[in-house]
Amino acid sequence: MKYQLELEVDEDRAAFAEEFFNAISFVKKVKTVAPNEITNPAILRSIADVECGRVAPTPFNLAELRSMLHA
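These numbers come from a predicted model, not from an experiment. (Residues numbered from 1 in each chain as written. Predicted model: local features only at pLDDT ≥ 70, side-chain atom pairs only at ≥ 80, totals over all residues. Heavy atoms only, no water.)

1. Section: the packing of aromatic side chains
Here comes step 1: A complete count under the given rule lists two aromatic pairs for this structure.
Here comes step 2: Ring centres of Phe16 and Phe20 lie 6.2 Å apart, and the angle between their planes is 25°; on these two criteria the pair is classed as stacked. With Phe16 and Phe20 both in helix 1 (residues 14-23), this residue pair falls four residues apart, about one helical turn.
Here comes step 3: Judged by relative accessible area, Phe16 falls into the exposed class, the value being 58%.
Here comes step 4: With a centroid separation of 5.1 Å and 75° between ring planes, the pair formed by Phe20 and Phe21 is classed as edge-to-face.
Here comes step 5: Look at Phe20 and you get partly exposed, because its relative accessible area is 43%.
Here comes step 6: Judged by relative accessible area, Phe21 falls into the partly exposed class, the value being 22%.
Here comes step 7: Taken together, the ring pairs connect Phe16, Phe20 and Phe21 into an aromatic cluster. (Phe/Tyr/Trp six-rings, centres within 6.5 Å; stacked < 30°, edge-to-face > 60°. Helix = DSSP H or I, 4+ residues; strand = E, 2+ residues; numbered from the N terminus. Buried < 20%, exposed > 50% of the residue type's maximum accessible area, 1.4 Å probe, protein only.)

Listed below in structure tokens is the structure:
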């Protein structure tokens, strides 16, 4: 079974938190995530599909985007 846990830790406590979780025997991986990092697997898959050419990107113009945002 796999669990993903999201914690918010102050910058000055980050080293302690990493060391603490690495010391627990059943914790396999501890990773710090940047605020602008994409972690959603569905979004990452869709980006990879476009980059590999499996899916063609949808053409979009700025006027359509504005109309969608201000709908």
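2. So, the environment of Ala42
Here comes step 1: Here Ala42 is to be found in helix 2 (residues 41-52).
Here comes step 2: With 35 residues separating them along the chain, Ala42 and Leu7 place their C-alpha atoms 21 Å apart.

3. Topic: the pattern of salt bridges
Here comes step 1: Applying the stated criterion across every chain yields a total of two salt bridges.
Here comes step 2: In this structure, Glu37 engages Lys31 in a salt bridge whose closest nitrogen and oxygen atoms are separated by 3.3 Å.
Here comes step 3: Its salt-bridge partner being Arg54, residue Asp49 comes within 2.9 Å of it at the nearest N-O pair.
Here comes step 4: Residue classification places Asp49 among the partly exposed positions, given a relative accessible area of 23%.
Here comes step 5: Arg54 sits in the exposed class, given a relative accessible area of 58%. (Salt bridge = Lys/Arg side-chain N within 4 Å of Asp/Glu carboxyl O.)

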